[in-house]
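For reference, the chains in residue letters:
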Amino acid sequence: MNQALASAAGSTGTAVRTAVLSQGEFAEIARIVRDACGINLTESKMDLVHSRLQKRLRLFGLATFAEYIEFVGSGSNRDEFDQMISALTTNVTRFHRESHHFEHFDQICLPKLMRSSAAGEPVRIWSAGCSNGSEPYNIAGVILDKCPDAARRNFRILGTDIDIRSLAVARSGRYTREYVEGLPEQSMRKWFESDASGYQVRPELRQLVTFNTLNLIQDWPMRHKFDAIFCRNVMIYFTRDLQEKLLQRFVSCLKPEGLLYIGHSERVSGPAASLLKPVGNTIYQYNGS
Ligand SMILES: C[S@@+](CC[C@H](N)C(=O)[O-])C[C@H]1O[C@@H](n2cnc3c(N)ncnc32)[C@H](O)[C@@H]1O
């Protein structure tokens, strides 16, 4: 296996050994990841896979990707498997991302939800693929602006993701100054408490949001239907076939007239399309019963 090792100078000047990722090894990692979480790693992602997993090899003192594949692929090392998935997911997100969704939610969806909550109905919103929590906290912020007693009125937001590292940040509700800098002054003031080490999401927002690990391509333990589902910039990483299956499952989890918000470069297709009426830019309403 020595030919699979190359020497490279590390930033400290000491020589570090860098394992070469062969096409075959990449294909095997891509297969494991696709089977586990639906993410479709095309060959253009070979450098990304190499650099992100190289760190994992070093951590375990493994010299080749073949050894790493055996290490995680055997199924006996669940923790490292989760870390590999975490390393290979794309978690880019931010507050106010695709802000027209939050405007639509605020102006069109929320007034209806407030009426149904006044009639005693629970309000349930799901942020599926929530990354570090910016999306569900953003939804909470929008709700609290109009409905300060949302928690008492049984509004709840569920944030789920497969990536355990992102979920740890989401659960902590802590963000760096750089991350929140640039947000409108009003959001900064209303959503966060600040201290020397960063920004903490306020308790009234956190009270509305629950986070859970959930792999979207496995079983969902949902006991109720949702008024709105945000699944933005997640399906884009899946094959078309999987996207269509996921859309069908989302539809089956929506209340009648429930809303589905998807990412700017995602499309609704397949059998679910006939049940999802476009009501805005990448916003769909379930028109079944
Ligand atoms: C680009 S982020 C999108 C975050 C947020 N929805 C947004 O639009 O800002 C995609 C998220 O999907 C998650 N993800 C990818 N595959 C998943 C799967 N099979 N199940 C659950 N989450 C998944 C990733 O871990 C990542 O946090």
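Preceding this paragraph is the structure being described.
Presented here is an overview of the structure given in this document. Each chain carries its own residue numbering, running from 1 in the direction its sequence is written. In keeping with the predicted nature of the model, local features appear solely for residues at pLDDT of at least 70, side-chain atom pairs appear and are counted solely at 80 or more, and the whole-chain, interface and lining totals rest on all residues. Values shown for side chains rest on all heavy atoms present in the structure; no hydrogens or waters enter the calculation.

## Brief notes about the site of the ligand
Stated precisely, the cut-off is as follows: Only heavy atoms are used to decide nearness, and a residue is near a molecule or strand if one of them lies within 4 Å of it. Two N or O atoms form a polar contact when they lie within 3.5 Å of each other; inside protein one atom must be a possible hydrogen donor and the other a possible acceptor, and for residues adjacent in sequence the pair counts only when both atoms belong to side chains. Note on residue categories: nonpolar means Ala, Val, Leu, Ile, Met, Phe, Trp, Tyr, Cys or Pro, charged means Asp, Glu, Lys or Arg, and polar means any other residue, Gly included.
Every one of the 21 residues lining the ligand counts as a neighbour, but Cys 37, Thr 93, Gly 129, Asp 161 and Asn 233 are closest to it. With respect to the ligand, the side chain of Arg 97 contributes an N or O atom lying 2.9 Å from an oxygen atom. In the model, a nitrogen atom of the ligand is placed 3.0 Å from a nitrogen or oxygen of the Glu 135 side chain. Classifying every residue of the shell around the ligand gives eight nonpolar, eight polar and five charged.

## Some remarks on the pattern of salt bridges
Selection rule: We define a salt bridge as a side-chain nitrogen of Lys or Arg found within 4 Å of a carboxyl oxygen belonging to Asp or Glu. Under the scheme used here, helices are H or I runs from DSSP no shorter than 4 residues and strands are E runs no shorter than 2 residues, and both carry numbers assigned from the N terminus. Residue burial is assigned from relative accessible area. The probe radius is 1.4 Å, only protein chains are included, and a residue is buried under 20% of its type maximum, exposed over 50%, and partly exposed in between.
With the rule as written, the count across this model stands at 15 salt bridges. The partner of Asp 195 in a salt bridge is Arg 174, with the nearest N and O atoms 3.0 Å apart. Separated by 21 residues along the polypeptide, Asp 195 in strand E6 (residues 192-195) and Arg 174 in strand E5 (residues 174-175) bring together distant segments of the chain. Residue classification places Arg 174 among the partly exposed residues on the basis of a relative accessible area of 28%. Of the charged contacts, one joins Glu 185 and Arg 189 as a salt bridge, the two residues approaching to 3.9 Å between their closest N and O atoms. Here Glu 185 pairs with Arg 189, and both are found in helix H9 (residues 185-191), just four residues apart, close to one helical turn.

## Here's the deal with the side chain of Ser 86
Among the secondary structure elements, Ser 86 is positioned in helix H4 (residues 78-88). Here the side chain of Ser 86 touches Arg 165 through a polar contact of 3.2 Å, side chain to side chain.

## Re the sheet that holds E5
Which entries qualify depends on this criterion: For two strands to pair, DSSP has to find at least two bridges joining them.
Spatial ordering of the open sheet is given by E5-E7-E6, a layout of three strands whose pairing is antiparallel. Of all the strands in the sheet, the pair left with one neighbour each is E5 and E6. Relative to strand E7 (residues 198-201), E6 is paired through four bridges, and the arrangement is antiparallel. Paired with Asp 195 across the strands is Gly 198, a residue of E7.

Treat this as a map of the structure, not an account of what it does.
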